[in-house]
Amino acid sequence: MQGPPLPPELAQDGDVVIGGIFSFRTGQDYVVDTFQVIPEVRLCKNINFREFKFAQAMIFAINEINKNPDMLPGIKLGYKIYDDCGTMDILRAAMALLSGLKGEVGDENCTKTETVRAILGHSGSTPTIAFAPVVGRFHVPVISHFATCACLSNRKEYPTFFRTIPSDYYQSQAVAKLVKYLGWTWIGVIAVENEYGLNGIAAFTQAAQEYGVCIEYSDAFSSSGPPADLQRITSKIQSAFSKVILAFMSHREIKLLAKELYERNVTGVQWVGSEAWITDPSLADSEGHSVLVGSLGFTVTRAPIPGLEEHLCNLRPSWFPNSRFVHDFWEGVFDCSLNATEAGRQKPCSGLESLRDLQFTDLSELRFTNNVYKSVYSVAHALDALLKCEEGRGPFPDGSCADPAQIQPWQVLEYLSMVNYTTPGGERVYFDSNGDSPARYELVNLQMTNKGTMEAVTVGIYDASKTGGHQFVMSDVPVVWGNGGAEVPVSVCSQSCLPGSHKVLQKGRPVCCYDCIMCPAGEISNSTDSIHCMKCSPEFWSNEHRDACIPKGIEFLTYGEILGTLLTLFSLLGVFLTTLTTIVFYCHKETALVRANNSELSFLLLFSLTLCFLCSLTFIGRPTRWSCMLRHTAFGITFVLCISCVLGKTILVLMAFKASLPGSKLLKWFGPTQQRLCVVMFTLIQVVICILWLTIKPPFPFRNMILYPDRIILECQLGSVLGFWAVLGYIGVLAILCFVIAFLARKLPDHFNEAKLITFSMLTFCAVWIAFVLAYISSPGKFTVAVEIFAIQASSYGLLFCIFIPKCFIILFRPEKNTKRHIMGKSNK
């Protein structure tokens, strides 16, 4: 040991001792040490009831654990609690907890060490930053209930630090989300001039940039600093354009600032407070606290601690006979004297007075006190797991466990990092790799009650463990705003840009200061404060207000429009006439005229014509993948089948005439079998062409958005242009071949006059398709399809009328000519 022993304020012996550092008193006189004498512990002046309540919560939790037979069986927990204020004396207390009090060790206590296995505290970030690295070198875990500085998450600097309160990093994230949620993009920031305030502002500034929030000004001061700093900041608040101020400071600084603003009659300020002061009960007793009404801020959640109220109410000075603070606390609260020799000046105290009706026992705001309670239980769970370790399954090398008789702080540290339990209130407690607890806050609003006091009302929840929009949720509880109005205050540099416009930054100013420019044609912005306009997708176009993309009109040939209806009717009429012709031929299939014109080819031709009329219907309606492949291939195959039948009939006419000449045997080589093979062969070639087309590069539906800027032409893209023209070209070759053969047979005797009909039909067919090629190339949009349908129907009607109508006329109206004698007689003339 170096120097004299420094006894704790509150202590209890135990098998395992837990240390605690709290500041029951705050405020010290400023002293400069000369080091001509050994520096003494500095006196602290003002009583802090909340810190004393923290210590009592620690004692209550330890006693509760000692009474629990299921936790730490056979082990009694003890405690050493120091009461110090000021960073230097808090560090002195931490060193005392590390080194113990006794100067020598004898045989009777060689297995019992005076040093603690864990340290709870301190409430402040600055003192914790000072002693945590020192304690960390001895591998003693430090668990804070109130030190929120994000810098303490640095495991390299603070390897043994844990906390049951979330880091300021999460608070900064929560505040940034709150500010963004309420539409405040132009705010001021004021902090206490220490690690807590400066680190908190740095974390918030980074988070604010991510959410597009700008800071008009940022400043810091200290409660112990010169008054000029406070006056400078007050003047800055008065002249600032922003009406929202984020205050990262303690209750001491916010009281000073509120008093100064109250004296200057500054109103209408919306405060956003840090957890260090937003729920501090002493605010209601401060001068100018009305300035803070309407403040919003995040703080840790409340949780009841059963039995704690009874513990506080039953507190007696006799519990801690060596504690000077408890002695002073009791005399100050009851305005009496516990010392019988001084009873003349004050009324005597019995030490049995009840604390029940005092504010000290008010547990309505158990927030940070619950963190102390969780800290004790975290250490207890770590020790319990250490004692119940099974050899071979431990966390140390080769699965070994710790020696229960010689528990080392570094072993407790190992188990503490693995703590994971659920409190009776349902809260899950664990520490991440940085020693931080899960971040869950309540958003509170400072409101005046009917009694004239200020109360923190919960109006929202922030849970960092959730994702996206579920992290921050506002409740339905009415919020009192700092400006006294019912609406959310406005604090922006520039008014929001309405949908249909976008922000253009003002040169030389922060990103929250901008002008609103209308989006160009074809682009939209559908939300306020858009950074840029979005181009409408090719299938959409901007509306008149440029705030929405409306679908372009889709155009294709439909059954409902006049053109589609007329083409459909013509197609069905063609099917009807073809069917009627088929019925006529079938009913007279044994007559000479039908038999003389090869009835089998005639029926096949009629069937193919029916398919030609029907395939034109596939060109009407919304193009799909299957309809696009079907329409062109069906058209190509049915037309080849049709032309093949006509070609077969033409060859048959020519062969029949040649075979009628003396000594000719041509008809023997072009019988029914050869005719069928001819049709099948010609059709099969087209089928092969179509299969190759569909296999290599088939037609597909295509949205033509180039032809018109305001609408989409839905059409079938050919896929392989070569395939399409190969199909048409093959049809053309067969048609020309048929025309040539029919033309050569045009001067045959009259009873073979079918060659003339075929010649005329092929002439019509070729004329229609030559015209189609020209019209197809020049027709836009759905008229391209209409031209193709017209060509199919016109050529089909041409074949039907030119080949079959004259025969039907003879069959129905000139039956006397429908005889073999008439036909043969006519040939003998």
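Residues numbered from 1 in each chain as written. Predicted model: local features only at pLDDT ≥ 70, side-chain atom pairs only at ≥ 80, totals over all residues. Heavy atoms only, no water.

Undergrad: Mind laying out the side chain of Glu9, listing which residues take part and the relevant values?
TA: Within the fold, Glu9 resides in the segment before strand E1 (10-12). No salt bridge is formed by the buried Glu9, whose closest oppositely charged neighbour, Arg25, lies at an N-O distance of 7.0 Å. If sequence neighbours within four positions are ignored, Glu9 has contacts with Phe24, Ile81, Tyr82, Asp83, Ser323, Arg324, Phe325 and Val326. (Helix = DSSP H or I, 4+ residues; strand = E, 2+ residues; numbered from the N terminus. Buried < 20%, exposed > 50% of the residue type's maximum accessible area, 1.4 Å probe, protein only. Lys, Arg positive; Asp, Glu negative; His and termini not counted. Salt bridge = Lys/Arg side-chain N within 4 Å of Asp/Glu carboxyl O. Contact = heavy atoms within 4.5 Å.)

Undergrad: Now, about the pairing of strand E27 (residues 711-717): what can you tell me, with residues and values included?
TA: For E27, the tally of buried residues reaches five of seven residues, placing the bulk of the element in the interior. Two strands pair when backbone bridges link them, and strand E26 (residues 700-704) and E27 are joined in this way by five bridges, in the antiparallel orientation. Residue pairing across strands places Phe702 opposite Glu715, the latter belonging to E27. Turn length for the E26-E27 hairpin, with the two strands adjacent in sequence and antiparallel, is six residues. (Pairing = 2+ DSSP bridges.)

Undergrad: Describe helix H3 (residues 125-136), listing the residues and the values that go with them.
TA: Its twelve residues place the ends of H3 16 Å apart at the C-alpha level, agreeing with the 16 Å of an ideal helix rising 1.5 Å per residue. In terms of residue burial, H3 counts as a mostly covered element, since nine of its twelve residues are buried. Turning to H3, its buried residues number three or more, namely Ser125, Pro127, Thr128, Ile129, Phe131, Ala132, Pro133, Val135 and Gly136. Against the buried residues of H3 lie strand E2 (16-22), helix H2 (87-99), strand E6 (118-120), strand E7 (142-144), strand E8 (161-163) and helix H5 (195-210). (Expected span 1.5 Å × (residues − 1).)

Undergrad: Can you break down the packing of helix H10 (residues 368-387) against helix H11 (residues 409-416) residue by residue, with the values?
TA: Two elements in contact, H10 and H11, have axes separated by 8 Å at closest approach and are oriented at 105°. As far as their axial angle goes, H11 and H10 are roughly perpendicular. Facing Ser378, Val379, Ala382, Leu383, Ala385 and Leu386 of H10, the residues of H11 in contact are Gln411, Val412, Tyr415 and Leu416. Across the contact of H10 with H11, the residue classes tally to eight nonpolar, two polar and no charged. (Axes fitted to C-alpha atoms, helices over the stretch in contact; angles between N-to-C directions. Parallel < 35°, antiparallel > 145°, perpendicular 65-115°, else oblique. Nonpolar A, V, L, I, M, F, W, Y, C, P; charged D, E, K, R; others polar.)

Undergrad: Talk me through unusual backbone geometry; I want residue IDs and the actual numbers.
TA: Each neighbour pair has its own omega, and for Gly121 with His122 the value is 0°, a cis peptide bond. Looking at the secondary structure, you find His122 in the loop between E6 and H3. The backbone of His139 shows a phi angle near 65°, a positive value even though the residue is not glycine. Tracing the chain through its elements places His139 in the loop between H3 and E7. For His139, a relative accessible area of 42% puts it in the partly exposed group. Phi is positive for Asn265, close to 60°, though the residue is something other than glycine. With respect to the helices and strands, the residue Asn265 is situated in the loop between helix H7 (251-263) and strand E12 (270-273). For Asn265, a relative accessible area of 62% translates into the label exposed.

Undergrad: Go over the pairing of strand E13 (residues 296-300), please, and point to the residues and values.
TA: The buried count for E13 comes to five of five residues, which makes it a mostly enclosed element. Here five bridges tie E13 to strand E16 (residues 440-448), and the two strands are oriented antiparallel to one another. When the sheet's bridge partners are listed, Val300 is paired in E16 with Tyr441.

None of this, on its own, says anything about what the molecule does.
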